[in-house]
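This is what each chain is made of:
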Amino acid sequence: MIVVPAETHVMNRRNILRSLAAALAPASLRAQTTRQSATSNQPAAKASLPLTEFEPKSMLHVHETQVERAKFPVIDFHTHISWGDNMGGKQSVRFPAPVADLLAVMDRRNIRTLVDLTGGYGAGLQKSIATLHTPHPDRFIVFTEPWWSKAPEPGYPQFQADQIARAHEAGAKGIKVLKTLGLYLRENVRTGKLIKIDDPRFDPMWEAAAAYNMPVAIHTSDPEAFFLPIDRFNERYEELNAHPDWSFYGKDFPSNRELQEARRRVMQRHPKTQFCCLHVADSEDLAYTSELLDSLPNMTVEIAARIGELGRQPRTARKFFDRYQDRILFGTDAVPHGDEFPQQVFGDKLYQIYYRFLETEDEYFDYAPAKIPPQGRWRIYGLGLPDQILQKVYNQNASRLLGLS
Ligand SMILES: [Zn+2]
């Protein structure tokens, strides 16, 4: 038996009565009735619209501030202006954009220095330093990365600590740990059990970082939605649907919190090592991040690719910036190519959005230069930070961490 919903039933009866009335009415009245039903029936309102085609324009009349240049010189602590082979063991790096193009954007937007986190290791690291830092020591700083492909080998703990010493000698200023650690690196590099973030084989590396005053920029876990099913309840459905390989739901992946807690244990165990937790450590749970910062004096955070999260909780975020103003660094996660990740494309537009978020009290604006907000369908609110905090976030906190004058 087919059950007709009450509304459909009523509509059908109404339509039948209307057509009967129209058939019995004179021609002039009939035309009028037909016109009326064309407007009152509105079948289009019932049609469905694919989410991918929905591009609503905000009808709010709100102030739009154009921030051409940052109010104070910027150190962008989180960029990827060189990129290598993180797990395969090849010591090569490539440069997605010519250095001159980078410098042009930097000069236009008041960026003093870019920190290239993915500088590589071995010969790749040397190439990164020779291309970026050596010719422009004030404008580019290069970090090294662990030699992950050797992690399963015996003797790795000392080998990796020695690599840090060599990288320091070559001119690297810090160490970058991608989310590779915790989510990709396995006992046979790509297969076998996942290697834990607090695995003791890395202890000599963390200690070497302290010995050479090299801060560790560590990315752990990912947005909470990446650990949930890709379904209609997932607030980042479109992003995950486009990149299903970004999902860590199921299989043998630890939970978001397990990963974060393993990182906490590393920071506790190495109190002399400076850890900068990238992406605000856990930008969706600022209470948790605050608790970490309160208990770990060797921890700082940076804001790259998370203004979408901070800007949708502007009152909590503003308090967070007040309270931890000495421990928050500016970063963007900028990559100078493509348009697949609009929230990360190195260029004028990206920096202007970050400046607008930090400096103004503008309301309800896009956190990325894209037609559809790429990390979730919401908009953000500016924090309007005072000069004293802006200076710290834009450059003073990074200068201190990097030992710059
Ligand atoms: Zn990054």
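Above this text you will find the structure in question.
Here we summarise the structure given alongside this text. As a convention, each chain's residues are numbered from 1 in the sequence order in which they are written. Reporting of local features is limited, given that this is a predicted model, to residues whose pLDDT is at least 70; pairs of side-chain atoms are given and counted only at 80 or more, and all residues count toward the totals for whole chains, interfaces and linings. Each side-chain value is worked out from all heavy atoms of the structure, with water and hydrogens disregarded.

Further remarks concern the overall build of the protein. Numbering goes from the N terminus for both helices and strands, where a helix is a DSSP run of H or I of at least four residues and a strand is a run of E of at least two. Regarding its fold elements, the protein presents 14 helices and 12 strands. Partly exposed residues are those whose accessible area sits between 20% and 50% of the maximum for their type, while under 20% is buried and over 50% is exposed, using a 1.4 Å probe and protein chains only. Counting only residues that meet the buried cut, the protein has 52% of its 405 residues in that class. Every residue pair with non-hydrogen atoms within 4.5 Å of one another is taken to be in contact. Considering only intrachain contacts with a sequence separation of at least 6, the fraction spanning at least 24 residues in the protein is 73%. With the model as given, the accessible surface of the protein reaches about 19700 Å², and the carbon-plus-sulfur share is 54%. Only the protein chains shown count as cover for residues, and all accessible areas are computed by the Shrake-Rupley method using a 1.4 Å probe.

With that settled, the discussion passes to the sheet that holds strand β4 (residues 111–116). For two strands to pair, DSSP has to find at least two bridges joining them. With respect to topology, 3 strands assemble into an open sheet ordered β1-β4-β5, the strand pairing being parallel. Edge strands, defined here as strands with exactly one partner in the open sheet, are β1 (74–79) and β5 (140–142). Each neighbouring strand pair of the sheet contributes to a mean axis angle of 20 degrees, computed without reference to strand direction. As paired strands, β1 and β4 are joined by 4 bridges and run parallel to one another. Of the residues in β4, the one forming a bridge with Asp 76 is Leu 114. Note on method: axes are straight lines fitted to C-alpha atoms, helices fitted across the in-contact stretch only, with angles between N-to-C directions ranging 0 to 180 degrees.

Before going further, it helps to spend a moment on the packing of aromatic side chains. The aromatic pairing rule takes the rings of Phe, Tyr and Trp, using the six-membered ring of Trp, and pairs them if the centres are within 6.5 Å, calling planes under 30 degrees apart stacked, those over 60 edge-to-face and the rest tilted. Enumeration over the complete set of coordinates arrives at 23 aromatic pairs. A positively charged side chain is recorded as over a ring if its NZ (Lys) or CZ (Arg) lies within 6 Å of the ring centre. The angle to the ring normal must also be within 35 degrees. The positively charged end of Lys 150 is found above the aromatic ring belonging to Phe 159, 5.5 Å away from the centroid. Note that Arg 257 overlies the ring of Tyr 288, its terminal NZ or CZ placed 3.6 Å from the centroid.

Around the zinc ion, the protein contributes the donor atoms His 78 (NE2), His 80 (NE2) and Asp 333 (OD), which lie 2.1 Å from the metal centre. Keep in mind that water is not among the atoms, so a site may look incomplete; donors are the N, O and S atoms within 2.8 Å of the metal, or 3.2 Å for Na, K and Ca. For the zinc ion, all donor residues lie on one chain, and their spacing in sequence is H-x1-H-x252-D. In this pair, His 80 is assigned in the loop between β1 and β2 (83–84) and Asp 333 in the loop between β12 (328–329) and α13 (348–359), connecting sequence segments 253 residues apart. Both residues of the pair, His 80 and Asp 333, count as buried.

Further remarks concern helix α14 (residues 387–402). Expected helix span is given by 1.5 Å per residue-to-residue step, counting one fewer step than there are residues. Helix length check: α14, at 16 residues, gives a terminal C-alpha distance of 22 Å against a target of 22 Å (1.5 Å per residue), a fit within 8%. For α14, the complete set of buried residues consists of Ile 389, Leu 390, Lys 392, Val 393, Tyr 394, Asn 395, Asn 397, Ala 398, Ser 399, Leu 401 and Leu 402. Where α14 ends, the next residue or the one after it, Gly 403, has phi of about 65 degrees, a positive value.

What follows covers empty space enclosed by the protein. Cavities and pockets were defined on a 1 Å grid built over protein atoms only: a cavity is a set of grid points that admits a 1.4 Å probe from which the probe cannot escape, a pocket is an open set flanked by protein on both sides within 12 Å along at least five of seven lines, and lining residues are those with an atom within 4 Å of any such point. Grid points are joined across faces, edges and corners, and a volume is the space filled by probe spheres set on the points. Following the criterion strictly, the structure yields 1 cavity of 30 Å³ or more and no others. Volume-wise, the largest cavity comes out at about 100 Å³. Taken together, 15 residues line the largest cavity, and the ones lying closest to its centre are Thr 220, Asp 222, His 279, Ala 281 and Arg 306. For this scheme, ten residues count as nonpolar: Ala, Val, Leu, Ile, Met, Phe, Trp, Tyr, Cys and Pro. Four count as charged, namely Asp, Glu, Lys and Arg, and the remainder, Gly too, count as polar. Per-class residue counts for the lining of the largest cavity are 3 nonpolar, 7 polar and 5 charged.

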